[in-house]
Structure formats: C-alpha cells, structure tokens
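A structural walkthrough
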Amino acid sequence: MTDGNSDIRKDMRGFIEENFLYLRPDVELGDGDDFLALGIIDSLGFVELVEEVQSRYGISIDDVEITEDNFGSIEAITGFVERKRAAA
Amino acid sequence: MVRPQGGQPVAEAALLRMARAIRHRGPDGYGLALDAGAGLVSTRLAIVDLPCGWQPLASEDNGDLLVYNGEVYNHIELRDELAARGERFETSSDTEVVLRMLEREGLDALHRLNGQFAFAWWQPARRRLTLVRDRFGVRPLHHALLDDGTLVFGSEAKALFASGEVSARPDLAGIDDVFTLWGPRPPRTTFAGVEQLPPGGLLVWERGRITEQRRWWTPTYGAGDGAGADLRELMGDSVRLRLRADVPVGAYLSGGLDSSLISALAQIEKGGELRTFSIAFKDPRYDERAHQEAVARSLGTKHHVVEAGPADIARALPAVLRHTETPLVRTAPVPLFLLAEQVRANDLTVVITGEGADELFWGYDLFKEVVVRELNQHDPHRARALLEEFYPYLGEGGARRGPAFTRFLLETGSPDDPLGSHLTRAEATATVKAFYRPEVAAEVGGTASLDRLRGELPRGFDGWSTLERAAWLEVSTLLEPYLLAAQGDRVAMAHGVEGRFPFLDHRVFGYSASLPPERKLDGMRDKVALRELAADLLPEDIVERPKQPYRAPEVVPFFGPEAPEWVEESLSPAALAKTSIWDAERVGGLLKRCRAGRATGVREGMALVGILSTQLWHEELCETGADAYPPETSEPRVRIDRSASRSAGEAA
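Notes on the structure in this doc start here. (Residues numbered from 1 in each chain as written. Chains lettered and ligands numbered in written order. Predicted model: local features only at pLDDT ≥ 70, side-chain atom pairs only at ≥ 80, totals over all residues. Heavy atoms only, no water.)

Turning to the overall build of chain A, a few remarks are in order. The helix and strand inventory of chain A stands at five helices and zero strands. Relative to the 2.2 N^0.38 estimate, which gives 12 Å for 88 residues, the radius of gyration of chain A is 12 Å and therefore close to what a compact globule would have. Going through the 88 residues of chain A one by one, you find that 49% of them count as buried. Considering only intrachain contacts with a sequence separation of at least 6, the fraction spanning at least 24 residues in chain A is 53%. For chain A, the exposed surface amounts to about 4,300 Å²; the carbon and sulfur share of it is 45%. Separation between the mean location of the 8 positive side-chain charges and that of the 21 negative ones in chain A comes to 5 Å. (Helix = DSSP H or I, 4+ residues; strand = E, 2+ residues; numbered from the N terminus. Rg over C-alpha atoms; globule rule 2.2 N^0.38 Å. Buried < 20%, exposed > 50% of the residue type's maximum accessible area, 1.4 Å probe, protein only. Contact = heavy atoms within 4.5 Å. Areas by Shrake-Rupley, 256 points an atom, 1.4 Å probe, with all protein chains shown as cover. Lys, Arg positive; Asp, Glu negative; His and termini not counted. Charge placed at Lys NZ, Arg CZ, Asp CG, Glu CD.)

A few words now on the interface of chain A and chain B. Much of the literature gives interface size as the accessible area that the parts lose upon coming together. Counting from both sides, the interface comprises 24 residues of chain A and, opposite them, 23 residues of chain B. Between chain A and chain B, the buried area comes to about 2,000 Å², and carbon and sulfur atoms account for 59% of it. Its largest share of buried area at the contact with chain B, chain A owes to A:Tyr22, A:Leu23 and A:Leu44, together 31% of the area lost on that side. Linking chain A with chain B are four salt bridges, by the criterion used here. A salt bridge links B:Lys592 to A:Glu18, with the shortest nitrogen-to-oxygen separation between them at 3.5 Å. Our enumeration of links across chain A and chain B arrives at six residue pairs in polar contact (both at pLDDT 80 or more). Taken together, the elements giving at least two residues each to the side of chain A that touches chain B come down to helix 1 (3-19), helix 2 (35-38) and helix 3 (43-57) of chain A. Ranked by residues supplied to the side of chain A that touches chain B, first place goes to helix 3 of chain A with eight residues. (Buried area = accessible area lost by both parts, 1.4 Å probe. Salt bridge = Lys/Arg side-chain N within 4 Å of Asp/Glu carboxyl O. Polar contact = N/O pair within 3.5 Å; in protein donor to acceptor, adjacent residues only side chain to side chain.)

Residues and elements named next belong to chain B. Burial runs high along strand 5 (residues 115-123): nine of the nine residues are buried. As paired strands, strand 5 and strand 6 (residues 128-133) are joined by six bridges and run antiparallel to one another. Residue Trp122 lies in a different strand from strand 6, and its bridge partner there is Leu129. Taking the residues that link successive antiparallel strands as the turn, the strand 5-strand 6 hairpin has four residues, and the phi of Arg127 there is positive, at about 45°. (Pairing = 2+ DSSP bridges.)

The subject of this paragraph is the pattern of salt bridges. Residue and element names in this part refer to chain B. Using the criterion set out here, one finds 71 salt bridges over all chains in the structure. Among the salt bridges present, the one from Arg500 reaches Glu71, with a minimum N-O distance of 3.6 Å. Placement of the pair is Arg500 in strand 16 (residues 498-500) and Glu71 in strand 4 (residues 65-72), with a sequence separation of 429 residues. For Arg500, a relative accessible area of 0% translates into the label buried. On the basis of relative accessibility, which here comes to 5%, the residue Glu71 falls in the buried class. One salt-bridge network, in which partners are shared between bridges, spans Arg25, Glu71, Arg139, Glu156, Lys158, Glu325, Asp489, Arg490, Glu498 and Arg500.

On to the sheet that holds strand 3 (residues 57-58) of chain B, then. All names here are of chain B. Read from one edge to the other, the open sheet built from six strands follows the order 3-4-5-6-10-11, with strand pairing classed as antiparallel. The sheet terminates laterally at strand 3 and strand 11 (209-215), the two strands that pair on one side only. As paired strands, strand 3 and strand 4 are joined by two bridges and run antiparallel to one another. The residue bridging Leu57 from the neighbouring strand is Leu66, located in strand 4. Those strands touched by helix 3 (residues 94-105) are strand 3, strand 4 and strand 5, and its axis lies near 120° from that of strand 4. (Axes fitted to C-alpha atoms, helices over the stretch in contact; angles between N-to-C directions.)

All names here are of chain B. Extensive coverage of strand 4 is indicated by the burial of eight of its eight residues. Here strand 4 runs beside strand 5; their pairing, made up of eight bridges, is antiparallel. By the bridge assignment for strand 5, Asn69 is matched with Ala118.

The next subject is empty space enclosed by the protein. Residues and elements named next belong to chain B. Inspection of every chain in the model, using the stated rule, returns eight cavities of 30 Å³ or more. Space inside the largest cavity adds up to approximately 290 Å³. For the lining of the largest cavity, the secondary structure elements donating two or more residues are strand 2 (38-43), strand 4, strand 5 and strand 8 (151-154). Here the element with the most residues in the lining of the largest cavity is strand 2; it accounts for five residues. In terms of residue class, the lining of the largest cavity is built from 13 nonpolar, seven polar and one charged. Together, 18 residues line the second largest cavity, and Arg44, Leu45, Gln55, Tyr68 and Gly70 are the ones closest to its centre. (1 Å grid on protein atoms, 1.4 Å probe; cavity = no way out; pocket = protein on both sides within 12 Å on 5 of 7 lines; lining within 4 Å. Points joined across faces, edges and corners; volume = space filled by probe spheres on them. Nonpolar A, V, L, I, M, F, W, Y, C, P; charged D, E, K, R; others polar.)

Within the largest apolar cluster, 187 residues are counted, with the highest numbers of intra-cluster contacts made by B:Phe119, B:Phe361, B:Phe435, B:Leu538 and B:Trp582. Top contributing element to this core by residue count: helix 18 (residues 466-493) of chain B, with 15 residues. Ignoring sequence-local partners within four residues, the contact set of B:Phe435 consists of A:Tyr22, A:Leu23, B:Ile581, B:Trp582, B:Asp583, B:Arg586, B:Val587, B:Leu590, B:Ala607 and B:Ile611. A:Val27, A:Ile41, A:Ile66 and A:Ile77 belong to the second-largest nonpolar core, a separate cluster that totals 26 residues. (Core = buried A, V, L, I, M, F, W, Y, C linked by side-chain atoms within 4.5 Å.)

Attention now goes to the side chain of B:Ser421. Residue and element names in this part refer to chain B. Within the fold, Ser421 resides in the loop between helix 14 (403-411) and helix 15 (423-429). With a relative accessible area of 7%, Ser421 lands in the buried category. Within the structure, Ser421 has its side chain in polar contact with the side chain of His422 (distance 2.7 Å). Contact partners of Ser421, with chain neighbours within four places excluded, come to Leu366, Val370, Arg373, Ala470 and Leu473.

Bringing the packing of helix 12 (residues 365-378) of chain B against helix 18 of chain B into the picture now. All names here are of chain B. Axis separation between helix 12 and helix 18 bottoms out at 10 Å; the angle between their running directions is 145°. Handedness of the helix 12/helix 18 crossing: right-handed. Between helix 12 and helix 18, the contacting residues are Leu366, Phe367, Val370, Val371 and Glu374 on the first element and Thr466, Leu467, Ala470, Ala471 and Glu474 on the second. When grouped by side-chain class, the residues that make up the contact of helix 12 with helix 18 number seven nonpolar, one polar and two charged. (Left-handed = near helix turned anticlockwise from the far one by under 90°.)

All names here are of chain B. Here helix 25 (residues 584-595) is twelve residues long and its end C-alpha atoms lie 16 Å apart, about the 16 Å a rise of 1.5 Å per residue gives. Buried within helix 25 we find Arg586, Val587, Gly589, Leu590, Leu591, Arg593 and Cys594. At the N-terminal end of helix 25, a side-chain oxygen is found 3.1 Å from the backbone nitrogen of Glu585, two or three residues along, and the residue is Asp583. Positioned one or two residues after helix 25, Gly597 has a phi angle of 75°, which is positive. (Expected span 1.5 Å × (residues − 1).)

All names here are of chain B. Cis geometry marks the peptide bond from Gln55 to Pro56, where omega comes out at 0°. When you line up the elements, Pro56 lands in the loop between strand 2 and strand 3. With an omega of 10°, the peptide bond between Pro186 and Pro187 qualifies as cis. Structurally, Pro187 can be placed in the loop between helix 5 (172-181) and strand 9 (195-196). Of note, the phi angle at Asp49 is positive, near 55°, even though the residue is not glycine. On the basis of relative accessible area, Asp49 is assigned to the buried category, the value being 7%. Located in the positive-phi region is Ser580, a residue other than glycine, with phi close to 60°. Relative to the assigned elements, Ser580 resides in the loop between helix 24 (573-579) and helix 25.

What follows is the structure, given as structure tokens:
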C-alpha cells in the first residue's frame, strides 16, 4: 500500500462519515463495504461523491465511468483514483 | 358537540371558542344552536344565497339541525326535483337542499350529491348525530369521542382543542404516517385521541356510542360507469357546475396541462371574464411563469402572479403549520398559502384548480416507473434504456445520474408487493425517520405505517392491474392528506378561499376508471385522453408539455442569507428535547450540512422540512394553553336555543 493510497482511503472515509454516515449511526463501514447495498448513499449522494472525487483529485470522470465498480465502496474509489492517476 | 344525555348541557362559551378557532374558514359570520345536551356552531364563507343561507339550519318538520361546510354543486337540479314533488324551500341555499334530502331519503341521498362537503346532521328525537365527508375528502372533518361518550367534532382539530374538552398531544403513529406517506392516514391524525373521517366516510353517534362507521363511497377500478360518456361534455359540465356561486370565481394556473385545461373551459363558460392566479419563484429551477403567462395570454384571462422568495417561505411557515395541523415533508404548501392570501386581497373567495387529473389520468412519473419496473422483470436492458431516456438528469441542478438511481428505481421492494408502486417514495421519505430518537424509532419506526396500509387494501385490489393499484394508492394515500388537505383546503381556507376541483367530480372519476389503460398511459405518453381534449383548447406546446413537478425551495429559505433567527432556535437541542421526537446529535449532522450549503439532495430537503415542521407544528398546536383559544365576541347571525325547554321536558 502506498502513502497516496492510504491518503485516499482516509480522505474518502472522512468525506463519507461527515456527509452520509451521520444518518446511519448503526453502520460500521469497512473499506470494502458496498455503499448502495447498505443504503448509505442515495442517488444524489452518489453524484455528490463523484463530484467530490473529481474536484479533490483533479481528475475528469466520464459518464461511463460512474459505476458501482468504480464508486461502490471506499476500496473501489481508491483503486479508481489510482488507475486514473497512473493513466494521466 | 353532543353529550350522551339530554340533561348535560353544552356550554355556549365552548361553542364560541370553537367558532373563533376556525373563523378563518368562515370569516363572514357564524351561527350557533343549543339543544338539550347538544351544541352546534358554524362559521360561514358566504358563496351561495348571500343574504340567507346561515347555519345551523333547523328543519321545521322535526327540529333536525344541520351544520355543513362546502358545496353541493347540483343543488339546483336536486331542488327542482324536490319542488316538483311538492317540497317548498325557504332559502336558495344548497344547505337546505341537503337537509331536505337527508330527511326524505336518509343517507341514500349522499349518492346523489355532487360536491365537496363535510356536515353534521343532528336528529334530536333520536339523539343521533351523523357526520359525513365527501367522496375524495376535499373538506376536512375531525372528531374525538370522550370517555363519558361525548362526541366533539369540527372541521379542523383546533376546533376540538378550543372546546376545552380535548388536549393536543402528538400521535407518534400519525406522525410516522407523514414520514412514510406524506400525511396521516385517516382515521388517524397527528394528534392522540383525535380522529378524522376518511374520504367518503360517515359516522353515526347515538346516545354516547358510535353505532356505525363506514365508507359510503370508495374509488374502484375496472368496471366504471362512465365509459360511454364524452369527456369534453363531462369536463365542461363539471366546470360549469363548479362555477356556480353568487360571488366571482377565479382559477389557479400552474402553467401545466391540467390547470390550463380547466382555465380554458372556465373561460369559455364565463365568456371571457376569468381571472387567473399563479405562483412564481425567484429561483428559476422552480419557476413556471413563462408557461403561465403564455396560457393566460392565449386564453385572454386577467392574470395575477405572486412571487414567492425564500424569505417569504420562511416567514409564512409557522402559520402554515398552524393551519395544516400536520408536519410536512415539503415546503410546497407555503407558496399556495401566500397565493390564497393574494386571491383574498383581490376580493375573490373561490378558485377552481386542476387537482386530481394526474391521479385519474395517470400523469405522475410514478405510473411510468411502474411500467419500467414491470419491463425490468423480463427485459432489464430495455428497462434501463427507457429510464435513461426518461430521466436523463437527476435533481434540480441537472446532475449526472449514477447507478444508485437506476438501482433505487428498479430494485426497491419486491415485484410482488401490493405497495410496489409506492415503495420508492416511502423509502425516500423514510430518510426523515433516521433522525428519530431511539425510543421513538422503537415505538413507530421501520415499516409499521406501510404494514398497516397493506392490511387496509380494499376488496378487489388484487384483481386490479398494477397501474390501477398504483392509482388507488395515489388517490388513497397522497391525494387527500397531502394534496387536498395540507397543500389544498388548509392553506386556502386559512384565508377564507375555497378551492374547487372539476377533475374530482365523481362522474369524471367513473369515466377515467373505466377508460382502457392506453387512453391514460400509452407507453410513456401520459394523460392521453386529456391531451386530446386539450388539443382543441390550448396552444400545442402546453398540450404536449411534460409535467413539471410543483416544488418549492426547501433548505435555502432556512439556511440561506435571509434565513430568520427562529430556525436555529426551533432546531436547538433544547427545543428538540421539548418535542422528544428527534435525536439532537443526528439533527446536528444535518444542520452542519445545511449551514455549509451541502444539503442539496431531495432526501436532505425532506429531512430538514420534516424536522423543522414537526418542531413548529408542536410549538403552534401542542404547546399552547387554553388561552390560545379566546371566544368569539361578535354577535351570531343565527342563534337557536332549545336547551332550556327540552332539558326541562326531559327532567319532567
């Protein structure tokens, strides 16, 4: 695990806890846990999450990339950002 | 108010407080009747037979008394029919027609009444009181049965509180209905011990006991009685009847198909004198003014626009809650409250509107979602493509859609669930419940409200199509408690303005229910029959305009630059502790997002409005004492006092 990788995880966890988990105090979110299956993030929340990733990491995201594979969990986002950075 | 025994008097002071509590519904005057162990009071919004028509109305034959709110539109035809049989009338009011019909035909007469009404019929000889509410529940009617058998009733719950016999305490299950279905499901209200008659419901009380309680009308599908009718003729007649009044009648114009169609028919009927009223918003995401003005120009109406800004919405919200008597999940009733205020300021007291068309002719997106979900059962690829085409963007800012949205719309609930069409709304609304205190969640949270609804589905429901079931659910769960009450009657009558709804003529319902489904929703084309009718009456762009849901800003009025100070006070931990419904820590998380301008989602908007409106509803109605309801001090226009003679007679 690189430092960048752990920063992304930490950033994303902080963002999700601050913005979505206040509604779900019953959930202990693991890095691999599925946001949608747990009902933590709704459709507009998902859009907000994509926009956050876009602006925080300065990457551009195409509509076809907005999938559960890329944004469905903290782990998925971390991998997605790393791939985008590597490809840049 | 009626008491079990004739010897127990009803205090006139209580009736005067009740009258004052709902004088906004009847600002033109009031009347009261005292009988042995019974007292009736009525406030009047004078629309038909202005010089006479005062209530309570007493029968000369048998002493029966009637207090009645609303209108029976076909009273002229019914009067002619009764007159032909030899009946003589003292007034030209519809109230007298209703009383005569009840005396002659009993409750069978209800089926012949075309209108919107709630009334109480007192038959002293039998010590029997009958309460009746119109088919769709346009007019409200509340009651409370006390331990000693006394029945206290009134149009609004605050009349009951003003009586001094009923206290205002929250009913958590009623509140939970609001955060599931958007309104309390009758007979439940948001107040413990207070019930409301369901739409099309009646209740008979005799000598301290409720002896009958049933629906005299319910919406049914499949085998309606209007299939052969002509929609142009039917709608024309419905509008014509609803323009009957001895005062001018205006129209609400949203800029969409339904209200435009009603306005067009009214303008034809009135010969060019129609005045139309619209809500406009400073925020262009909600504003429909260009469409409204285009319709008004095309129809040649005298048009009035009321602009609702965030500060106006925040300022009016506490008063709106006092009138709706229920917490809300949307701020949309507030601009309609402001609109009614302006209608009244323009000397109008009656408006017709397009309410009901989307329920009868399947105009809401909810019906299209039913079609897409059914398609998803056997062709998921096509279902997703349709959804893409149908909802290209999300939310107010035109944000990109993501997988959560598709999954939410296509996969919420089981396909076999009878409430399937409504689970996405219930699920989204249930966001508000995440803020309940743990003890409230333990008592009423989860799916209790939906489970109750599943147990109350009507006979025949299983035999209806999925779309017909969706229509029944929409009429039964959203139309009355939210659209007709919180967003309709309550905010209009707050200013003494009566709304009339031509689509909710039972003949139009019967027609729509018996139409082949494709005449309502054909693929993704909605309100097919209505659009065809409108093609001859309105500009093409209005006829083909897709529905724009009517909404108002939800977070900005309370956290934007013009937000009033009381918002933070009402949501403070101390205020939340007083209401004992909301968890202060979780609410704190939401408020943080609101203050940072991040709470832009539909669910967060609902959560904020739900929590804030509950706080205000509690402050306005549950935290007030007896002095909140002073007595009426003006002279009554009618005063009937039989209490002394009858009590003495009974004692003897």
